[in-house]
Amino acid sequence: NNWQYLTEMFFKFVFKIIEEQAGKRAYKYFPFLFVLFFFVLFINLMGQVPFGFTATSHVIITFFVSLSIWFGCVYVGLLENGLRWFKFFVPDTIPLFILPIFIVLEMISYTIRAFSLSIRLSADMTAGHTLLHLVATLGVKVFSSGFLLLGISFILLIMVLMLEVAVSFLQAYVFLTLIAVYINDSLNFEH
């Protein structure tokens, strides 16, 4: 039936992302990534319902999720590769006298992943909601100006709402893709 087809379509979609971004070694993390994709997608879509709440527009919530996943990626790297995983922070072909600086920079850039993942999702969802609010406010302001302006603002509101739904899917996709890349870095850390 249609539900089965839709489920299989999403299943193949998430599986293909994991396969392309993280490789075969990441197949065992598919259930987590599949659930995570739908978690982010449904939270994003709940905000499109009138008077709904989008938890992903709050940076503290996205930061907690991102930080948890970041710690999970570190754990996976150490679990799968042992202490050899720390070679990830040692760039190849770097002169020995500059090596300590590069190791610190690599560790900082790896740590910033948790922040950038959370801020990206939160900022994009907040920007969309702000745009939606501005267009709705415009519709209320022009309500007394006539039906032509009201119709134009209503059509504009519907178009922005459709854009917001597309952004909800896109943000879930970007979130999943970046996490698959981070898992790939944990599993296949060799430069």
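Residues numbered from 1 in each chain as written. Predicted model: local features only at pLDDT ≥ 70, side-chain atom pairs only at ≥ 80, totals over all residues. Heavy atoms only, no water.

Novice: How should I be thinking about empty space enclosed by the protein in this particular structure?
Specialist: A probe as big as a water molecule, rolled over the atoms, marks out the empty space that is left. Applying the stated criterion to the full structure yields one cavity of 30 Å³ or more. Space inside the largest cavity adds up to approximately 50 Å³. What lines the largest cavity is Phe39, Val40, Ile43, Thr56, Ile61, Thr62, Val65, Ser66, Leu121 and Phe175. Elements with a minimum of two residues in the lining of the largest cavity: α2 (30-46) and α3 (59-81). (1 Å grid on protein atoms, 1.4 Å probe; cavity = no way out; pocket = protein on both sides within 12 Å on 5 of 7 lines; lining within 4 Å. Points joined across faces, edges and corners; volume = space filled by probe spheres on them. Helix = DSSP H or I, 4+ residues; strand = E, 2+ residues; numbered from the N terminus.)

Novice: What exactly am I supposed to notice about the packing of aromatic side chains here?
Specialist: Geometry of an aromatic ring pair is reported as the spacing of the ring centres plus the angle between the planes. For the coordinates displayed, the defined rule picks out 21 aromatic pairs. For the pair phenylalanine 63 and phenylalanine 115, a centre-to-centre distance of 5.1 Å together with 25° between the ring planes defines the contact as stacked. Placement of phenylalanine 63 in helix α3 and of phenylalanine 115 in helix α4 (residues 99-141) is noted, with a sequence separation of 52 residues between them. Taking the relative accessible area as the measure of exposure, phenylalanine 63 reaches 22% and is therefore partly exposed. You can call phenylalanine 115 partly exposed: its relative accessible area is 39%. Members of the aromatic cluster, each reached through a chain of ring pairs, are Phe10, Phe11, Phe13, Phe15, Tyr27, Phe30, Phe34, Phe37, Phe38, Phe42 and Tyr173. (Phe/Tyr/Trp six-rings, centres within 6.5 Å; stacked < 30°, edge-to-face > 60°. Buried < 20%, exposed > 50% of the residue type's maximum accessible area, 1.4 Å probe, protein only.)

Novice: Even after reading the chapter, I still don't get a nonpolar patch on the surface, so can you show me in this structure?
Specialist: On the surface, Phe53, Val59, Ile60, Ile61, Ile101, Phe102, Val104, Leu105, Ile108, Ile112, Phe115 and Ile119 cluster together into a nonpolar patch covering about 1100 Å² of accessible area. For the nonpolar patch, the elements supplying multiple residues, two or more each, are α3 and α4. For the nonpolar patch, the leading source of residues is α4, giving eight residues. (Patch = residues over 30% accessible without salt bridge, like charges linked within 9 Å, V, L, I, M, F, W, Y side chains within 5 Å. Areas by Shrake-Rupley, 256 points an atom, 1.4 Å probe, with all protein chains shown as cover. Salt bridge = Lys/Arg side-chain N within 4 Å of Asp/Glu carboxyl O.)

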